[in-house]
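# Inside the fold
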Amino acid sequence: MEDVLDLYEEPDDPKRPRVCFDERPCQLISDVREPLPPQPGQPAREDYEYRRNGTCNLFVFTEPFQGWRHVEVTAHRKKPDFARCMKRLTDEFFPDAETIRVVLDNLNTHTPAALYETFPPEEARRILRKLEFHYTPKHGSWLNIAEIEISVLSRQCLARRIGDIDTMKREVIAWQLPRNQQRREVDWQFNTDDARVKLKRLYPK
C-alpha cells in the first residue's frame, strides 16, 4: 500500500510517468423498440424491454496528475489483451519515457508472463524493460486512481443502453476527448501518514 501512496507523492518526471491502469466489463444492450425522443414537458422515454448483445471490456489508462486518459475497448480481457495494452503504453503513448511506472491490481492476467505468452521473448523483454509494475494490495484496489476515472466514465457515458462494440468505441472517444483537452486531473489527498492513522489495523502491533 505504501509503495503506491509514495509513488503518488513523488514529483512529476516526464521520463518516468505514473500511469494507473484498470478495466471494466460492460454489457452491450440495445433497444427492442425505438425510444421516443423528448418533447416539451416530456422527457425521453424508452421501453423496459431490451436485447442483450454480449459483453465487451474497457481498459482504462490514466496519468491522473497530468489530466490524461485513454480507454481501450476490446472484446475480451484475456492475457493477450493486457499484453497489447502494455505494448501501446510503451510504444505509442509514452515512446520517449525511460520507465513507465504502472499502478494496477493483482488480477491473474496482469503479469509479465502475459507478455511472454503473447509476443516473442525478445519483444516481451523489450516492452518489460520500460515498465515498472506497482500492485495495489489485496482488497485495496481503491488505491488505484484509475477506479476514479472508471467511476466518472460510468456515470457520464455508460449509464444508458449501448448496443454494440463499435458504438461503444465511438462513445468513449467522445467522452475522453474533451476531458483530455481540459486536462481534468485528480486531486488525490490520501497519503502514507493518513494510512498509518486511518488504516492502523492493517499494520502489525
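Please read all numbers here as calculations on a predicted model, not as lab measurements.

### Some details on the sheet that holds strand E2 (residues 50-63)
The sheet built from five strands is open, its strands ordered E3-E2-E1-E4-E5 with mixed pairing. Each end of this open sheet is capped by a strand with a single partner; those strands are strand E3 (68-74) and strand E5 (131-135). For this sheet the average axis-to-axis angle between neighbouring strands, irrespective of direction, equals 30°. Pairing of E2 with E3 involves seven bridges; the strand directions are antiparallel. Within E3, the residue paired with Val60 across the bridge is Val71. Most of the contacts of helix H2 (residues 79-93) go to E2, to which it runs at about 40°, and overall it touches strand E1 (18-31), E2, E3, strand E4 (100-104) and E5.

### A short note on the environment of Cys56
Along the polypeptide, Cys56 turns up in strand E2. Residue Cys56 is classed as buried on the basis of its relative accessible area of 2%. Sequence separation between Cys56 and Thr74 is 18 residues; the distance between their C-alpha atoms is 5.9 Å. Cys56 has contacts with Arg24, Pro25, Cys26, Leu28, Val73, Thr74, Ala75, Ile165 and Met168, leaving out every residue within four places of it along the chain.

### Observations regarding helix H4 (residues 121-128)
For H4, the full list of buried residues reads Glu123, Ala124, Ile127 and Leu128. Each buried residue of H4 lies within a common arc of 130° when the element is viewed along its axis, so the set occupies one face. Away from its buried face by more than 90 degrees, H4 exposes Pro121 and Glu122. The elements touched by buried residues of H4 are H2, helix H3 (112-118) and E5.

### Focus on the side chain of Glu63
Along the polypeptide, Glu63 turns up in strand E2. Despite being buried, Glu63 has no salt bridge partner; Arg18 is the closest side chain of opposite charge, sitting 6.4 Å away. The contacts of Glu63, once residues within four sequence positions are left out, are Pro17, Arg18, Trp68 and Phe94.

### So, the pairing of E2
Judged from the eleven bridges that link them, E1 and E2 form a sheet pairing that is antiparallel. Pairing of Cys26 across the sheet is with Cys56, part of E2. Between E2 and E3, which pair antiparallel and follow one another directly, the connecting turn spans four residues, one of which, Gly67, has a positive phi of 75°.

### A look at the environment of Val32
Inspection of the secondary structure puts Val32 in the loop between E1 and E2. For the pair Val32 and Asn57, spaced 25 residues apart in the sequence, the C-alpha separation amounts to 23 Å. Not counting residues within four places of it along the chain, the set of residues in contact with Val32 comprises Glu49, Tyr50 and Arg51.

### A few points about the side chain of Thr74
When you line up the elements, Thr74 lands in strand E3. Only 2.5 Å separates the side chain of Thr74 from the backbone oxygen of His76, close enough to count as a polar contact. Non-local contacts of Thr74, meaning those with residues more than four positions away in its chain, are made with Cys56, Asn57, Phe59, Asp81 and Ile165.

### What to know about a negative patch on the surface
On the surface, a cluster of negative charge is made up of Asp3, Asp6, Glu9 and Asp193. Sorting elements by how many residues they give to the negative patch places helix H1 (residues 2-9) first, with three residues. Along the chain, Asp3 turns up in helix H1. Taking the relative accessible area as the measure of exposure, Asp3 reaches 41% and is therefore partly exposed.

### With respect to the pattern of salt bridges
Under the definition given, this model contains 15 salt bridges. A salt bridge links Glu72 to Arg88; the shortest N-O distance between them is 2.6 Å. Of this pair, Glu72 sits in strand E3 while Arg88 sits in helix H2, placing them 16 residues apart in sequence. We classify Arg88 as partly exposed; its relative accessible area is 24%. The partner of Lys87 in a salt bridge is Glu123, with the nearest N and O atoms 2.6 Å apart. Note that Lys87 is positioned in helix H2 and Glu123 in helix H4, a separation of 36 residues in sequence. By relative accessible area, which is 27% here, Lys87 ends up partly exposed. Salt bridges here are not isolated pairs; linked through shared partners, they connect Lys87, Asp91, Glu123 and Arg126.

Basis of the calculations
- All residue numbers here refer to positions counted from 1 along the written sequence of the relevant chain.
- Totals for whole chains, interfaces and linings use all residues, but because this is a predicted model, local features are given only for residues with pLDDT of at least 70 and pairs of side-chain atoms are given and counted only at 80 or more.
- To obtain the side-chain values, all non-hydrogen atoms of the structure were included, while hydrogens and water were left out.
- Two strands form a pair only when DSSP identifies at least two bridges running between them.
- Secondary structure elements are defined from DSSP: runs of H or I of at least 4 residues count as helices, runs of E of at least 2 residues count as strands, and each element is numbered from the N terminus.
- Comment: axis = line fitted to C-alpha atoms, over the contacting stretch for helices; angle = value between 0 and 180 degrees taken between N-to-C directions.
- Contacts between residues were defined by any pair of non-hydrogen atoms, one from each residue, lying within 4.5 Å.
- Only protein chains enter the accessibility calculation, which uses a 1.4 Å probe. A residue is then buried if its area is under 20% of the maximum for its type, exposed if over 50%, and partly exposed in between.
- An arc is given here, and it is the one of the directions from the helix axis to the C-beta atoms.
- Positive charge is attributed to Lys and Arg, negative charge to Asp and Glu, and no charge count is given to His or to the chain ends.
- A carboxyl oxygen of Asp or Glu within 4 Å of a side-chain nitrogen of Lys or Arg is what we treat as a salt bridge.
- Each polar contact in these results corresponds to two N or O atoms within 3.5 Å; when the atoms are within protein, one needs to be able to donate a hydrogen and the other to accept it, and residues that are neighboring in sequence are counted only if both atoms are side-chain atoms.
- Patch membership requires over 30% relative accessible area and the absence of a salt bridge. Like charges are linked within 9 Å, and nonpolar side chains (Val, Leu, Ile, Met, Phe, Trp, Tyr) within 5 Å.
- All accessibility values rest on the Shrake-Rupley procedure with a 1.4 Å probe; residue burial counts only the protein chains present in the view.
- Charged groups are reduced to one reference atom each: NZ for lysine, CZ for arginine, CG for aspartic acid, CD for glutamic acid.

Take it as geometry only, folks, not as evidence of what the structure does.
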